[in-house]
Number of protein chains: 2
Amino acid sequence: MTAARLDKQKTIDLRKKHIGPSCKVFFSHDPIKIVQAQGQYMYDEKNDRYLDCINNVAHVGHCHPEVVKAGAKQMELLNTNSRFLHDNLVQYAQRLQATLPEKLSVCYFVNSGSEANDLALRLARQYTGHKDIITLENAYHGHISSLIEISPYKFHQLTDTEQSPHVHVALSPDTYRGKYREDHPDPAAAYADNVREIIEKVDDKGNKIAAFIAESLQSCGGQVIPPPGYFQKVAEHVRNAGGVFIADEVQVGFGRVGTHFWAFQLQGEDFVPDIVTMGKPIGNGHPMSCVITTKEIAEAFMSSGMDYFNTFGGNPVSCAIGQAVLDVIKKENLQANALAVGSYLSHLLEEQKEKHPLVGDVRGRGLFVGVELVRDRVKRTPTPWEFNFVLKLYQCRLKEERILLSADGPHRNVLKFKPPMCFSRQDADLAVQKIDQILTGIHVNRENKSDMS
Amino acid sequence: MTAARLDKQKTIDLRKKHIGPSCKVFFSHDPIKIVQAQGQYMYDEKNDRYLDCINNVAHVGHCHPEVVKAGAKQMELLNTNSRFLHDNLVQYAQRLQATLPEKLSVCYFVNSGSEANDLALRLARQYTGHKDIITLENAYHGHISSLIEISPYKFHQLTDTEQSPHVHVALSPDTYRGKYREDHPDPAAAYADNVREIIEKVDDKGNKIAAFIAESLQSCGGQVIPPPGYFQKVAEHVRNAGGVFIADEVQVGFGRVGTHFWAFQLQGEDFVPDIVTMGKPIGNGHPMSCVITTKEIAEAFMSSGMDYFNTFGGNPVSCAIGQAVLDVIKKENLQANALAVGSYLSHLLEEQKEKHPLVGDVRGRGLFVGVELVRDRVKRTPTPWEFNFVLKLYQCRLKEERILLSADGPHRNVLKFKPPMCFSRQDADLAVQKIDQILTGIHVNRENKSDMS
């Protein structure tokens, strides 16, 4: 039964009545009603086309026909739980494993990045027998209780924050705005030393580190790219303390960074995490995710005696969809496209930096790019959140231009590019051209009215 | 790319290598490889047909064509997150709401029963400002950290159980095996008094109750049907203490109990929970779930200042599938079928009870039926788990007969029927006929060899 399309205001009214208000819509003063999407384009109820620069879930492109077909075909045949044997499950696991260093060989299929990170913490705690977790400033690892605890991006939103005594926040390895910057002789070692110091303090209190967890590149935290070698040094400190290293690839995995399939590989060939979590892009929007770890950790987890069963995780439909996503990435050379178009986009944005003093920093790897806006380039003062500048910029102006872009980071002043991987040079041209127009307008305005004061 | 079907042994070998061993396959000594399913039947790689008596996820029948079609159609059109307006989201919420008492009006769409129950706890804690949770003996509410804490079914599996000081376990309202039985003048009040006593003890320690959580009918706990009026009395005690009542309908909702759409409604028209969680059957196998609560609780949750965003939750595909499930339940009168066939099945099983001393109790509502096996009817001694009797019974014998049935409960001696809702009288006849043959065989055996000793 397909209902007739609702009038937009009716959709808004019903949403107000029946949908939890804690989930904010984009452009809340004038939200968009999207009814269709294809590739990197989304269409509203008037058939107006939007260029999607933000949707890292629709990884191989919205509604990719091969992914849709694989899902539909398997849905017709069988969709059941993993207590039965099924080829899709084991073949998909085998293929995912093949993208990773050999020792990461055991998969747990779950339904969301949050479920994956929660399970990663359980694996780490069971394997090490320790309880404490080290996380990074501004980190976001998910929306369930155990992850809000380790997500400063979330728990700092609470007025009555009660930080868990078993969670410790390390400095964000941000070489643009952090404590150790690009002019530091060895920021990787300096930031890793901060982790070591935390471990020592935890130890002094008689506690023990179960895991260090980090997004391989921080996304909500402001598109932060840790200096190469940082993960290796952190892993050394953490392992010396009996803990494990969890790389959260939920936002940045599956070829997005262009040069590598996994973002943690940017750190160097010699770095291998103990646990990797995956999510968002894995099923191109289908609710699924995965945790991959070593045989030793998997066996320790089993030896607890507690069965782990996930009703939907690893069902034949999810695994068929996951395989189709891997097929399309390969067939359409999307990792290479991310590298080429991402480099081109970064180049265009660097030109914007030359032109507009507002652009303080452009940083990216492949199709994961951040543009940090500042009031003052020398002091790196973020554009003021209070002023709603960035919000206005992307919410009103870019949306009017039918470009979907968002801002994030602790100061909400980092424009985030993380488009579907089929994003083209023409798309990059269009997006940057619109940004240029807007920044030029702001510049003129500023000269005249100094409205950035 | 569809790979050729693997040899069964190869599937087993790959599973051993790449799939977390904590998830046990059914019939681990000789697991089944299911390749196709339709309605209440599953087919293995040799095309042998199994009657599925256990899959409460494939609610309207495996691979129901209307559900498949709705999912495929929407996958082609749009699958994105709920930061955009979409009719499927609000219309589905409106339809779910219409199945519930009016005050339960605000929906949060998430990806699994576990995510739903975790969010329910967060809602309760934020609304009440309290922390403590009361749960039932043998309860199972999910596999993520916060839920293992409130699931005695799970945390009792751990050797080094460390029960949270904020979690309190109340007596299971089991009138067959519990403290107050069918001969008690008012078991509902007696079991509710136990909850009241817990609240008083918590209060004495200076703590406060955020919520009482219970499956509307305990499933893993042994198909337990609480006496009518119990929930009302518990809710009164809990609300008097400033807490809320969470009804977990993940296993038993969506018409399964026959007389009502929701199992909590069996308690009486005057009972309304504050929060209801849904899962398994909601999408007929598609990974999705929902939490529904009152406007007051939703507003309190929002007022914390923390945004709640779920990447996949409430996407247009999930909502299309959810709506198709509601359509099919209605169109095919599946709730009425659950009542009619469930009653017939219970009647057949009652006949088995007359015939076989091993059958201690038959209890059920609609197509949610438990058969409790005992060594001694008067003492109600469970058939011994150590002896692997029940396990052998259903694992070997019923499986050989191509009937999929499972056993659960704290003594693993309760056979659980929770088949797809299209289960027919003929299916009931077949399943019970096979059980009869097996029980007869055991009886004869027992007379001869007393192998139940």
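Residues numbered from 1 in each chain as written. Chains lettered and ligands numbered in written order. Predicted model: local features only at pLDDT ≥ 70, side-chain atom pairs only at ≥ 80, totals over all residues. Heavy atoms only, no water.

Enquirer: Run through helix H2 (residues 65–77) of chain B, naming residues and quoting values.
Expert: Over its 13 residues, H2 of chain B runs 18 Å from end to end, which matches the ideal 18 Å to within 8%, given 1.5 Å per residue. By the burial criterion, the buried members of H2 of chain B are Val67, Val68, Gly71, Ala72, Gln74 and Met75 of chain B. Looking at the buried positions of H2 of chain B, the neighbouring elements they touch are helix H2 (65–77) and helix H10 (316–331) of chain A together with helix H3 (87–98) and helix H10 (316–331) of chain B. (Helix = DSSP H or I, 4+ residues; strand = E, 2+ residues; numbered from the N terminus. Expected span 1.5 Å × (residues − 1). Buried < 20%, exposed > 50% of the residue type's maximum accessible area, 1.4 Å probe, protein only. Contact = heavy atoms within 4.5 Å.)

Enquirer: Give a description of the interface of chain A and chain B that names residues and reports values.
Expert: Tallying the contact residues gives 106 residues for chain A and 106 residues for chain B. Carbon and sulfur atoms make up 60% of the surface buried where chain A meets chain B, a total of about 9200 Å² over both sides. Taken together, the links from chain A to chain B amount to four salt bridges. Measuring nitrogen to oxygen at the nearest pair gives 2.7 Å for the salt bridge that ties lysine 33 of chain B to aspartate 87 of chain A. The tally of links from chain A across to chain B stands at 44 residue pairs in polar contact (both at pLDDT 80 or more). For the side of chain A that touches chain B, the per-class residue count stands at 50 nonpolar, 36 polar and 20 charged. (Buried area = accessible area lost by both parts, 1.4 Å probe. Salt bridge = Lys/Arg side-chain N within 4 Å of Asp/Glu carboxyl O. Polar contact = N/O pair within 3.5 Å; in protein donor to acceptor, adjacent residues only side chain to side chain. Nonpolar A, V, L, I, M, F, W, Y, C, P; charged D, E, K, R; others polar.)

Enquirer: Can you lay out the domain arrangement of chain A for me, pointing to particular residues and giving the numbers?
Expert: All names here are of chain A. You can read the domains of chain A as domain 1 (8–63 + 334–449) and domain 2 (65–331). With both sides pooled, the region where domain 1 packs onto domain 2 buries about 3200 Å², and carbon together with sulfur makes up 54% of that total. Together, Gln335, Phe368 and Arg380 form the three largest contributors to the area buried by domain 1 at its contact with domain 2, with a combined 25%. Note that arginine 380 is salt-bridged to glutamate 182, the shortest N-O span being 2.6 Å. If you look at where domain 1 meets domain 2, you find 19 residue pairs in polar contact (both at pLDDT 80 or more). When residues of the side of domain 1 that touches domain 2 are traced back to their parent elements, those giving at least two are helix H11 (334–355), strand S11 (359–365), strand S12 (368–376), strand S13 (381–382) and strand S16 (414–417). Broken down by class, the residue content of the side of domain 1 that touches domain 2 amounts to 17 nonpolar, 13 polar and nine charged. (Domains from an automatic or database assignment.)

Enquirer: Which residues make up the pattern of salt bridges, and what values do they have?
Expert: Residue and element names in this part refer to chain A. Overall, the coordinates contain 42 salt bridges over all chains when judged by the stated rule. Lysine 103 is the partner of aspartate 274 in a salt bridge, and the nearest nitrogen-oxygen pair spans 3.5 Å. Separated by 171 residues along the polypeptide, aspartate 274 in the loop between strand S8 (244–248) and strand S9 (275–278) and lysine 103 in the loop between helix H3 (87–98) and strand S4 (106–110) bring together distant segments of the chain. For aspartate 274, a relative accessible area of 8% corresponds to the buried category. Lysine 103 sits in the partly exposed class, given a relative accessible area of 39%.

Enquirer: I'd like a description of the environment of leucine 339 of chain A, backed by residues and values.
Expert: Residues and elements named next belong to chain A. As for its position among the elements, leucine 339 is in helix H11. When its relative accessible area of 34% is taken as the criterion, leucine 339 is described as partly exposed. The sequence separation of leucine 339 and lysine 17 amounts to 322 residues, and the corresponding C-alpha distance is 44 Å.

Enquirer: Outline the relation of the copies chain A and chain B, listing residues and values.
Expert: One copy of the chain maps onto the other through a rotation about an axis plus a displacement along that axis. Once chain A is rotated about the relating axis by 180° and shifted along it by 0.0 Å, it coincides with chain B to within an RMSD of 0.0 Å. What we have between these two chains is a two-fold relation. Ranked by how close their C-alpha atoms come to the rotation axis, the residues of chain A are headed by alanine 72 of chain A, at 2.6 Å. Of the residues that chain A buries at the interface, 100% are likewise interface residues in chain B, meaning the two copies contact each other through the same surface. (Least-squares fit on C-alpha atoms with pLDDT ≥ 70 in both.)

Enquirer: Go over the sheet that holds strand S4 (residues 106–110) of chain B, please, and point to the residues and values.
Expert: All names here are of chain B. On the basis of which strands lie adjacent, the open sheet formed by seven strands has the order S4-S10-S9-S8-S7-S5-S6 and mixed pairing. Single-partner strands in this sheet number two, and they are S4 and strand S6 (167–170). Pairs of neighbouring strands in the sheet enclose a mean axial angle of 20°, with direction left out of account. By the bridge criterion, three bridges tie strand S5 (residues 132–136) to strand S7 (residues 209–215) in an arrangement that is parallel. Bridge pairing links aspartate 132 to isoleucine 209 in S7. Running over the sheet, H3 touches S4, strand S9 (275–278) and strand S10 (289–293) and is turned about 120° from S4. (Pairing = 2+ DSSP bridges. Axes fitted to C-alpha atoms, helices over the stretch in contact; angles between N-to-C directions.)

Enquirer: I'd like a rundown of H3 of chain A, residues and numbers included.
Expert: For H3 of chain A, with twelve residues, the first-to-last C-alpha span of 16 Å sits near the 16 Å given by 1.5 Å per residue. Of all twelve residues that make up H3 of chain A, nine are buried, and the element is covered over most of its length. Along H3 of chain A, the positions that sit buried rather than exposed are Asp87, Asn88, Leu89, Val90, Gln91, Tyr92, Ala93, Leu96 and Gln97 of chain A. Next to the buried residues of H3 of chain A lie H2, S4, S9, strand S10 (289–293) and H10 of chain A together with helix H1 (8–18) of chain B.

Enquirer: Summarise the pairing of strand S16 (residues 414–417) of chain B; cite the residues concerned and give the values.
Expert: Residue and element names in this part refer to chain B. The two faces of S16 match: Val414 and Lys416 on one face and Leu415 and Phe417 on the other face are all buried. Pairing geometry for strand S15 (residues 406–408) and S16, over three bridges, is antiparallel. Pairing of alanine 407 across the sheet is with leucine 415, part of S16. Hairpin connection of S15 to S16: five residues between the antiparallel strands, including glycine 409 at a positive phi of 95°.

Enquirer: Can you break down empty space enclosed by the protein residue by residue, with the values?
Expert: Overall, the coordinates contain eleven cavities of 30 Å³ or more when judged by the stated rule. Its volume calculated, the largest cavity comes out at about 190 Å³. For the largest cavity, the lining is made up of 18 residues, of which Thr311 of chain A together with Gly113, Ser114, Val250 and Lys280 of chain B are closest to its centre. Tallying contributions element by element places helix H4 (residues 113–128) of chain B first for the lining of the largest cavity, with three residues. Among the residues forming the lining of the largest cavity, the class breakdown is four nonpolar, eleven polar and three charged. (1 Å grid on protein atoms, 1.4 Å probe; cavity = no way out; pocket = protein on both sides within 12 Å on 5 of 7 lines; lining within 4 Å. Points joined across faces, edges and corners; volume = space filled by probe spheres on them.)

Enquirer: I'd like to hear about unusual backbone geometry, residue by residue, with values.
Expert: All names here are of chain A. The phi dihedral of asparagine 138 falls on the positive side, at around 65°, and the residue is not glycine. Unlike most non-glycine residues, arginine 402 shows phi in positive territory, near 65°. Along the chain, the position of arginine 402 falls in the loop between helix H12 (389–400) and strand S14 (403–404). On the basis of relative accessibility, which here comes to 29%, the residue arginine 402 falls in the partly exposed class.

Enquirer: Go over the environment of aspartate 274 of chain A, please, and point to the residues and values.
Expert: Remark: the alpha-carbon pair of aspartate 274 of chain A and alanine 211 of chain A, spanning 63 residues in sequence, is separated by 9.5 Å. Sequence-distant contacts of aspartate 274 of chain A, defined by excluding residues within four places in its chain, comprise Lys103, Leu104, Arg239, Val244, Phe245, Ile292, Thr293, Thr294 and Ile297 of chain A.

Enquirer: Hey, could you go over the sheet that holds strand S1 (residues 34–38) of chain B for me, with residue numbers and the actual values?
Expert: Residues and elements named next belong to chain B. Taken together, the four strands give an open sheet; going across it, the order is S1-S2-S3-S14, and neighbouring strands pair in mixed fashion. The sheet terminates laterally at S1 and strand S14 (403–404), the two strands that pair on one side only. Where S1 lies against strand S2 (residues 41–44), four bridges are found, and the strand directions are antiparallel. Following the sheet pairing, isoleucine 34 is matched in S2 by aspartate 44.

Enquirer: Give me the packing of aromatic side chains: which residues, what numbers.
Expert: A full pass over the atoms with the stated rule returns 37 aromatic pairs over all chains. Between tyrosine 140 of chain A and tyrosine 153 of chain A, the ring centres sit 5.7 Å apart and the planes meet at 55°, which makes this aromatic pair tilted. Within this pair, whereas tyrosine 140 of chain A is found in the loop between strand S5 (132–136) and helix H5 (145–148), its partner tyrosine 153 of chain A is found in helix H6 (residues 152–155), the two being separated by 13 residues in sequence. For tyrosine 140 of chain A, a relative accessible area of 16% translates into the label buried. Tyrosine 153 of chain A gets classed as buried once you look at its relative accessible area, which sits at 18%. Both rings, one in phenylalanine 301 of chain B and one in tyrosine 308 of chain B, keep their centres 6.4 Å apart while their planes meet at 55°; by these two values the pair is tilted. Among the aromatic residues, those joined into a cluster by ring pairs are Tyr180, Tyr191, Phe212, Tyr230, Phe231, Phe245, Phe264 and Phe271 of chain A. Above the plane of the ring of tyrosine 41 of chain B lies arginine 49 of chain B, whose end atom (NZ or CZ) is 3.8 Å from the centre. (Phe/Tyr/Trp six-rings, centres within 6.5 Å; stacked < 30°, edge-to-face > 60°. Lys NZ or Arg CZ within 6 Å of the ring centre and 35° of its normal.)

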